[in-house]
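One-letter residues, chain by chain:
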Amino acid sequence: MMDTLRDGLLLAGLATQLFLVLLGFRSRNRQLSYSFFIYLVVSLVSSLTISYLIKDAAISRSFYVVKEFALDALKTAVLIEFNHRVFRFYPQVKRSNYWFFVLAIFGLGLYLWLIPAEKGSWWGTVPLDVHAKIMQANCFLFFAFTGSILFYRLHLDQRHKLLLIGFLFSQFPLAFGFAAAVAFGEPARALVSRLNSLFFVIALLIWAKVYLKNDSADHTRSTLDSGMGRLADSGASK
């Protein structure tokens, strides 16, 4: 049962990622967020490589570690690009978000120092423990960005909102899953892995809606930003 679910989620995820990458070659989609498009390409290629090309278990595990760190870096790049391009219409929010970056880096450093990796933990290696903590820091930043939008009642276009919501669906369950696996140990690993895959597929479907929407990537509208008390653009990329 679990193997069937795993294979089904794998195929659904790969098919949806391939569909998204093909849609991403359209300039209006690629221009929405260049780093997000690169994230989709790297995620697809690395998943195909691990699932079908690499047969040796040790090499597969090493490649998985490299893949996860690369995706961590790309998710951070998505946040930086999002802050630079979307929040440029709201300088105060943009500056406060950079302080969230500083806080996340400082908190991650303390996290790594105060709670070092346990070599006997269920994922078994120090690099994956570090990856789990980086992922939680990224999760904090996605929540902080969402909080900024809600707190200031910013008028962002629907595509950027859905892009952010998709990352919340993929990041938060993943971060929670790692924490649950630490708490409950090896028996929880299979269930946590399936749930993480399920939420990632949900995120991919949300991102498909982003790429399928008809809004142009450079469309902006002037609206009165009640939260900031100033006239501002909608925050769409140019």
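Residues numbered from 1 in each chain as written. Predicted model: local features only at pLDDT ≥ 70, side-chain atom pairs only at ≥ 80, totals over all residues. Heavy atoms only, no water.

Trainee: When you look at the overall build of the chain in this model, what are you seeing that I'm missing?
Mentor: Helix and strand counts for the chain come out as eight helices and two strands. Starting at the N terminus and ending at the C terminus, the chain contains elements arranged as α-α-α-α-α-α-α-α-β-β. When the 238 residues of the chain are sorted by exposure, 47% land in the buried category. Here the contacts in the chain between residues at least 6 apart in sequence split such that 75% fall between residues at least 24 apart. (Helix = DSSP H or I, 4+ residues; strand = E, 2+ residues; numbered from the N terminus. Buried < 20%, exposed > 50% of the residue type's maximum accessible area, 1.4 Å probe, protein only. Contact = heavy atoms within 4.5 Å.)

Trainee: What is the right way to look at empty space enclosed by the protein in this model?
Mentor: Over the atoms, a rolling probe the size of a water molecule traces out where space has been left empty. Tallied over the entire structure, the rule returns one cavity of 30 Å³ or more. The volume enclosed by the largest cavity comes to roughly 40 Å³. Leu32, Ser33, Glu81, Phe82 and His160 are the residues nearest the centre of the largest cavity, which is lined by 10 residues in total. If you list the elements that add at least two residues to the lining of the largest cavity, you get helix H4 (57–85) and helix H7 (158–184). The dominant element in the lining of the largest cavity, judged by the number of residues it contributes, is H4, at four residues. By residue class, the composition of the lining of the largest cavity is five nonpolar, three polar and two charged. (1 Å grid on protein atoms, 1.4 Å probe; cavity = no way out; pocket = protein on both sides within 12 Å on 5 of 7 lines; lining within 4 Å. Points joined across faces, edges and corners; volume = space filled by probe spheres on them. Nonpolar A, V, L, I, M, F, W, Y, C, P; charged D, E, K, R; others polar.)

Trainee: How should I be thinking about the layout of surface pockets in this particular structure?
Mentor: Taken as a whole, the largest pocket holds about 1,300 Å³ of empty space. Taken together, 36 residues line the largest pocket, and the ones lying closest to its centre are Tyr64, Lys67, Glu68, Ser193 and Ser197. Mapped by element, the contributors of at least two residues to the lining of the largest pocket are helix H1 (2–24), helix H3 (34–53), H4, helix H6 (126–152), H7 and helix H8 (189–212). Considering every element that reaches the lining of the largest pocket, the biggest residue donor is H8, with nine residues. Per-class residue counts for the lining of the largest pocket are 16 nonpolar, 12 polar and eight charged.

Trainee: Would you take a moment to explain the environment of alanine 70 for this structure?
Mentor: Along the polypeptide, alanine 70 turns up in helix H4. Given a relative accessible area of 30%, alanine 70 falls into the partly exposed group. The spatial distance from the C-alpha of alanine 70 to the C-alpha of tyrosine 39 is 8.8 Å, given a sequence separation of 31 residues.

Trainee: Which parts of the structure should I look at to understand the pattern of salt bridges?
Mentor: Pairing is possible between side chains that carry opposite charge, provided their charged atoms lie close to one another. Using the criterion set out here, one finds three salt bridges in the structure. The salt bridge involving lysine 75 is made with aspartate 72; its shortest N-O contact spans 3.9 Å. With a gap of three residues between them, lysine 75 and aspartate 72 both fall in helix H4, about one helical turn apart. One salt bridge connects glutamate 81 with arginine 85, and the closest N-O pair in it is separated by 2.7 Å. Residue glutamate 81 and its partner arginine 85 are located together in helix H4, separated by four residues, close to a single helical turn. Since its relative accessible area comes to 12%, arginine 85 is described here as buried. (Salt bridge = Lys/Arg side-chain N within 4 Å of Asp/Glu carboxyl O.)

Trainee: Teacher, can you tell me more about the nonpolar core here?
Mentor: Side chains of nonpolar character tend, in soluble globular proteins, to be buried together. By size, the foremost hydrophobic cluster in this structure holds 41 residues, and its most contacted members are Phe36, Phe87 and Trp207. Of the residues forming this core, the biggest block, seven residues, is contributed by H8. For phenylalanine 36, the residues in contact, after removing those within four places along its chain, are Val78, Glu81, Leu163, Phe167, Trp207 and Tyr211. (Core = buried A, V, L, I, M, F, W, Y, C linked by side-chain atoms within 4.5 Å.)

Trainee: Help me understand unusual backbone geometry, please; the structure alone is not making it clear to me.
Mentor: Glycine aside, residues mostly have negative phi, and peptide bonds are mostly found in the trans state. Phi angles above zero are rare outside glycine, and arginine 153 is one such case at about 50 degrees. Mapped onto the secondary structure, arginine 153 falls in the loop between H6 and H7.

Trainee: Can you help me understand H8 in this one?
Mentor: Think of an α-helix as 3.6 residues a turn; residues three or four steps apart then line up on the same face. For H8, which comprises 24 residues, the first-to-last C-alpha distance of 35 Å matches the rise-based estimate of 34 Å (1.5 Å per residue) to within 8%. If you check which residues of H8 are buried, you get Val192, Arg194, Asn196, Val201, Ala203, Leu204, Ile206, Trp207, Ala208, Val210 and Tyr211. (Expected span 1.5 Å × (residues − 1).)

Trainee: Before we go on, may I ask you to explain the confidence of the model for the chain in this structure?
Mentor: A low pLDDT means the predicted coordinates there should not be read in detail. For the chain, per-residue confidence averages 83 on the pLDDT scale, and 81% of positions sit at 70 or higher. Across the chain, the secondary-structure element scoring lowest on mean pLDDT is strand S2 (residues 230–232), at 38, and the one scoring highest is H3, at 95. Low confidence marks residues 216–238, where pLDDT is under 50. Its contacts with residues over four positions away, or in another chain, come to 77 contacts. (pLDDT = per-residue confidence, 0-100.)

Trainee: Is there a simple way to think about the side chain of serine 35 in this case?
Mentor: With respect to the element layout, serine 35 can be found in helix H3. In this structure serine 35 touches Ala77, Val78 and Glu81, once residues within four positions along its chain are discounted.

Trainee: Help me out: how do you make sense of the packing of aromatic side chains in this one?
Mentor: A ring pair, where both rings are aromatic, is described by two values, the distance of the centres and the angle of the planes. Tallying each qualifying case throughout the model produces 18 aromatic pairs. Here the aromatic rings of phenylalanine 25 and phenylalanine 37 are separated by 5.3 Å at their centres, their planes lie at 75 degrees, and the arrangement is edge-to-face. Pair noted here: phenylalanine 25 is in the loop between H1 and helix H2 (27–30) and phenylalanine 37 is in helix H3, with a separation of 12 residues, a long-range link. Relative accessible area serves as the criterion here: at 52%, phenylalanine 25 is assigned to the exposed category. Ring-pair connections join several aromatic residues into one group, and the members of that group are Phe36, Tyr39, Phe142, Phe167, Phe200, Trp207 and Tyr211. Positioned above the aromatic ring of tyrosine 111, the side-chain terminus of lysine 133 is 5.1 Å from the ring centre. (Phe/Tyr/Trp six-rings, centres within 6.5 Å; stacked < 30°, edge-to-face > 60°. Lys NZ or Arg CZ within 6 Å of the ring centre and 35° of its normal.)

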